[in-house]
Amino acid sequence: MKLDALAGNAALKEQLSAQEKGRGLSHAYLISGPAGSGKRTLARLLAAAMVCTGGGEKPCGSCNACKKVLGGIHPDVIQVGADGKDISVGQAREARADAYIRPNEGERKVYIFHNAQDMTVAAQNALLKLLEEGPAYAAFLLLADNPGSVLTTIRSRCEGAALTPVTAAEAEYELARRFPQTSREERHAAARRCGGLLGQAVAELEGREAGDQLSAACARFLELLAGRDELEFAAWCVELEKWDREALVSLLERSQALLRDALALGRGAPALTAAPGELPALRKAAELEPQRLLQTAELLDKLRKDAAFNVNAGQLCGALAAGVNGGQL
Ligand SMILES: [Zn+2]
């Protein structure tokens, strides 16, 4: 099997490959390991292997079916409880009813049950029935941080796939592949901190990337505000519409703090929250009239509150453009 996307875990990969070559993959796996150990990655690879239509080693990664699974949009790969909420009896029963509807595209249907250890006994029993009586084309991947909390009756019907922490070198290698733009020191430190749970290091670097993007956007906001070019500002607001609401709220909050910094800087006081990368833009903004900075901060505050109600990204960005540009007239 082609399981390179899963870091480390050489023994498990060998075991799965041998199984696939021999009697074929099992119809049910209990994939276990602590948070960040690669359960979702392995589930995705196994699901892709099961529906892959390409030749050679599976999952080929390039056929239509593989691409859909890896992109999370294959209609025959069904995620249950991926939102992190506990899977209810109702959801387990729904999956059972759904399993009897033949696959949409291929030969198989794959159900991925997240956080199986948190399912109530009633929900687990409904899942057990599905494992026992489900149609032959259905396969089940149960993910659990702690497999000991899964009913023995369920465990006995699943093949175990226990993930183990990766070495610091393996983590670093994987981080270099996924975050080539970060520095070696940064990756080295993240790899050491994660204690072999690569997912944690990935989350840390992704979080930092998001933080950098946010910081750059806030600096751009200050620059545009200081530049007083209405058209350019409106165009930037249109770009912002692609952001999701949560990210926009972070942008409004952070920019509001920077406007307070700009006010302080204008009075000769130190800027308290600005990151070094934001300072050049902040100095430009500090030259604006205090009244304008205050009004803009008030506008951002209002928009941030509006965002708590069902205001979408387009409306927020439209109001930002109108508010800032309108205030300038
Ligand atoms: Zn494929």
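Everything below is about the structure shown above.
The following paragraphs examine the structure supplied in this document.

Rules used in this analysis
Residues numbered from 1 in each chain as written. Predicted model: local features only at pLDDT ≥ 70, side-chain atom pairs only at ≥ 80, totals over all residues. Heavy atoms only, no water. Axes fitted to C-alpha atoms, helices over the stretch in contact; angles between N-to-C directions. Helix = DSSP H or I, 4+ residues; strand = E, 2+ residues; numbered from the N terminus. Left-handed = near helix turned anticlockwise from the far one by under 90°. Contact = heavy atoms within 4.5 Å. Nonpolar A, V, L, I, M, F, W, Y, C, P; charged D, E, K, R; others polar. Polar contact = N/O pair within 3.5 Å; in protein donor to acceptor, adjacent residues only side chain to side chain. Salt bridge = Lys/Arg side-chain N within 4 Å of Asp/Glu carboxyl O. Buried < 20%, exposed > 50% of the residue type's maximum accessible area, 1.4 Å probe, protein only. Phe/Tyr/Trp six-rings, centres within 6.5 Å; stacked < 30°, edge-to-face > 60°. Core = buried A, V, L, I, M, F, W, Y, C linked by side-chain atoms within 4.5 Å.

**Brief notes about the packing of helix H7 (residues 168-178) against helix H9 (residues 198-227)**
Argument step 1. Close contact between H7 and H9 brings their axes to 10 Å; oriented N to C, the two are set at 35°. Two packed elements cross with a definite hand, and for H7 against H9 that hand is right-handed. Counting all contacts with H7, which are made through Ala171, Glu174, Leu175 and Arg178, the residues of H9 involved are Leu198, Ala201, Val202 and Leu205.
Argument step 2. Across the contact of H7 with H9, the residue classes break down as six nonpolar, no polar and two charged.

**Here's the deal with the environment of glutamate 223**
Argument step 1. In this structure, glutamate 223 sits in helix H9.
Argument step 2. Distance in space between the C-alpha atoms of glutamate 223 and glutamate 278 is 9.8 Å, their sequence separation being 55 residues.
Argument step 3. Contact partners of glutamate 223, with chain neighbours within four places excluded, come to Ala281 and Lys284.
Argument step 4. Within polar-contact distance, the side chain of glutamate 223 engages the side chain of arginine 220 at 3.2 Å.

**Here's the deal with the pattern of salt bridges**
Argument step 1. This structure, assessed with the given rule, holds 18 salt bridges.
Argument step 2. For lysine 109, the salt bridge is made with aspartate 98, and the minimal N-O distance between the two is 3.3 Å. Of this pair, lysine 109 sits in strand S3 (residues 109-113) while aspartate 98 sits in helix H4 (residues 89-99), and the two are 11 residues apart along the sequence.
Argument step 3. Relative accessible area serves as the criterion here: at 27%, aspartate 98 is assigned to the partly exposed category.
Argument step 4. As a salt-bridge pair, aspartate 306 and lysine 302 come within 2.8 Å of each other at their nearest N and O atoms. Pair noted here: aspartate 306 and lysine 302 are both in helix H13 (residues 290-307), with a separation of four residues, about one helical turn.
Argument step 5. Judged by relative accessible area, aspartate 306 falls into the partly exposed class, the value being 23%.
Argument step 6. Put simply, Glu186, Arg193, Glu204 and Arg208 are held in one network by salt bridges that share partners.

**Considering the packing of aromatic side chains**
Argument step 1. Using the criterion set out here, one finds four aromatic pairs in the structure.
Argument step 2. Consider the rings of phenylalanine 221 and phenylalanine 233, whose centres lie 6.0 Å apart with planes at 50°: the pair is tilted. With phenylalanine 221 in helix H9 and phenylalanine 233 in helix H10 (residues 230-240), this pair connects stretches of sequence that are 12 residues apart.
Argument step 3. Measuring from ring centre to ring centre gives 5.8 Å for phenylalanine 233 and tryptophan 236, while their planes differ by 45°; the resulting arrangement is tilted. Of this pair, phenylalanine 233 and tryptophan 236 both sit in helix H10, three residues apart, which is roughly one turn of that helix. Residues phenylalanine 233 and tryptophan 236 agree in their burial class; the two are buried.

**Comments concerning the nonpolar core**
Argument step 1. In this structure, Phe221, Trp236, Leu251 and Leu320 are the most contacted members of the largest nonpolar core, which totals 37 residues.
Argument step 2. At the level of secondary structure, the elements contributing two or more residues to this core comprise H9, H10, helix H11 (245-266), helix H12 (279-285), H13 and helix H14 (313-328).
Argument step 3. Here this core takes eight residues from H9, the largest share from any one element.
Argument step 4. Among all residues touching phenylalanine 221, those that are not within four sequence positions of it are Phe233, Trp236, Ser255, Leu259, Thr296, Leu300, Leu320 and Val324.
Argument step 5. The next biggest cluster of nonpolar side chains, apart from the first, holds 31 residues, and it includes Leu45, Ala48, Ala65 and Val69.

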